[in-house]
Every structure is written in structure tokens, then in C-alpha cells.
Amino acid sequence: MLSIPIYSTTGISLIHRGAHPILAESTTATLLLAELRGYNELAEQVPAVNLVPILAECFALFSRAVLQYGGQIFSVSDGGMMAAFGVCDPCHTHSNDALFAANTIQRRFTKLREAWRKELSIDAGMGIGIHRGEIAVGLFGPPGHELPMLVGDTVNVAAQLCARARDGEALMSAVVNSFRHLHAHHPDTGEPMPVPSMHLGELKLRGRQRSLDAWCLLTPEHPEQRTGTEVMRGVSR
């Protein structure tokens, strides 16, 4: 899977001390990973050159929602995106910003998906994973061309939640869900907090000894109810 780091001025400034970069810097942030469902089938059916405008439209949707709520995009892949909220700003309610962004992505993607179906006969979905915790921001790449990337267990957990999210869902850890109750509305826009979440229970994530208490953000466009962890599954891309 192709993955491209995105230049992040906050990430760069975080790991510089004066004129010299340090190896890494630890911070707390909320990560949001969004992944296009059905990408493998799409890539097989659509010529590569025709994929470019399709993906560009999708990434533009991602970017607008993330930037609207103060997040930063750190990488994009051929079918997804990783963003971080609260890097360098540990006192900010960045988990709520990530939830607002996730809700906005799913809502706007519903309209984009319908347009793809009508105009291009393409059927696609969207899954999102959100987790809050400690990350390290490090510079990686050839000398003189290093770019900031995020590493740590928090990144892994968010990625696995994203992989297990079904179309239309945003799966999140309990720590992210707990922040939903701190504010009824967004402090800047006045928007009401995203719709209720459903408790999924303890999930066993690949390669981790500890299980994770997970929740699912429910949206009006996807009101179907999960029945519990027995239906948790990855969705092929």
C-alpha cells in the first residue's frame, strides 16, 4: 500500500530545538484514520489514470473536514488518510474535534458515494477509527528531506479500529468516547455534539496483549444497530 507523509509545520516545529532537530518528541493527541471501503475492487475495474480524480475528490473531502476542526493530516495512502488532533496542544479538547471531523466525513461521504453510484456506477464505503493517547513525532526520510511521522501504540490502535469499522461507522476507544460528555456543543461553532455512541465491549486487537474497550459512533445515515463484539469484523478494501 502506497503511503505518503504530508508536510506538517506543527510536526516539524515540535521536533526542532533552535536550528537543530531532535530525534523525536512525545505528545498526546487524538488520531483519526479514515479508509475507503471497496478500493481494491475499484482499482481493478477503473483505469489507474481515472482513479486520480476519484481519489482527489475523496481526499479533498477528508482534508476539508479535518482542517475545519483544527486537525492536521500526516499521511495519505491509496485508499485512506491519517490525521492528528491536538499535537502541541495537550490542553485542547482535541478528541471532540476528531469526533466532529469523523461525523462530518461520514455525512459528506454519503453524498459523494451517491454521486459516484449515479455518475460512475461505483459502489464504495467509508470506515473510521479514532484513538487518543501518547504518540511520538519523529523525522524520517533521506538526509535533508525528512518529514514528520507519527509512531506508537496509539497509531496502531487507531489503525486497527479503522480496519474493523464497517461502512458508515466510526469506531473509537473508550477514552475518546468519554470526552463526548464534557461538552454539549462545539466551543467555536456551537454545533451539537455528534449523535450517540454504542458500547461494543472489549475488543482483542491483533498483536496487543491488552484488550480495548470500544464504542461506535452512530450516524443518522447509518442507524443500524450493532449487536456486539461477535459481529466485529474487518472489511476488505
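Residues numbered from 1 in each chain as written. Predicted model: local features only at pLDDT ≥ 70, side-chain atom pairs only at ≥ 80, totals over all residues. Heavy atoms only, no water.

Things to note about the overall build of the protein
Okay, step 1: Counting its secondary structure elements, the protein contains six helices and 11 strands.
Okay, step 2: Residue burial in the protein is summarised as follows: out of 237 residues, 52% are buried.
Okay, step 3: Residue pairs at least 24 apart in sequence account for 70% of intrachain contacts in the protein once pairs closer than 6 positions are excluded. (Helix = DSSP H or I, 4+ residues; strand = E, 2+ residues; numbered from the N terminus. Buried < 20%, exposed > 50% of the residue type's maximum accessible area, 1.4 Å probe, protein only. Contact = heavy atoms within 4.5 Å.)

Examining the pattern of salt bridges
Okay, step 1: What the rule picks out here adds up to six salt bridges.
Okay, step 2: Across the pair arginine 113 and aspartate 167 runs a salt bridge whose closest N-O atoms are separated by 2.6 Å. One end of the pair, arginine 113, is in helix α4 (residues 94-120); the other, aspartate 167, is in the loop between α5 (153-164) and β9 (169-173), with 54 residues separating them in the sequence.
Okay, step 3: Owing to a relative accessible area of 29%, aspartate 167 belongs among the partly exposed residues under this scheme.
Okay, step 4: A salt bridge links glutamate 114 to arginine 117; its shortest N-O distance comes to 2.8 Å. With a gap of three residues between them, glutamate 114 and arginine 117 both fall in helix α4, about one helical turn apart.
Okay, step 5: When salt bridges that share partners are traced, they join Glu114, Arg117 and Asp123 into one network. (Salt bridge = Lys/Arg side-chain N within 4 Å of Asp/Glu carboxyl O.)

Some details on the packing of aromatic side chains
Okay, step 1: What the rule picks out here adds up to three aromatic pairs.
Okay, step 2: Measuring from ring centre to ring centre gives 5.6 Å for tyrosine 69 and phenylalanine 100, while their planes differ by 20°; the resulting arrangement is stacked. Taken together, the residues span a long stretch of sequence, with tyrosine 69 in the loop between α3 (48-68) and β5 (72-77) and phenylalanine 100 in helix α4 at a distance of 31 residues.
Okay, step 3: Owing to a relative accessible area of 4%, tyrosine 69 belongs among the buried residues under this scheme.
Okay, step 4: Ring geometry for phenylalanine 109 versus tryptophan 116: centroids 5.8 Å apart, planes at 90°, classification edge-to-face. (Phe/Tyr/Trp six-rings, centres within 6.5 Å; stacked < 30°, edge-to-face > 60°.)

A word on the pairing of strand β6 (residues 80-85)
Okay, step 1: Among the six residues of β6, six are classified as buried, and the element is accordingly described as predominantly covered.
Okay, step 2: Alternating residues of β6 divide into Gly80, Met82 and Ala84 and Met81, Ala83 and Phe85, and every residue in both groups is buried.
Okay, step 3: Bridge count between β5 and β6: four bridges; the pairing is antiparallel. Along β6, the bridge assignment pairs isoleucine 73 with alanine 83.
Okay, step 4: Hairpin geometry of β5 and β6 is characterised by an intervening segment of two residues between the two adjacent antiparallel strands. (Pairing = 2+ DSSP bridges.)

Regarding the pairing of strand β11 (residues 212-217)
Okay, step 1: Here β11 lies mainly inside the structure; five of its six residues are buried.
Okay, step 2: Across four bridges, β9 lies against β11 in antiparallel orientation. Within the sheet, the bridge partner assigned to methionine 172 lies in β11 and is tryptophan 215.

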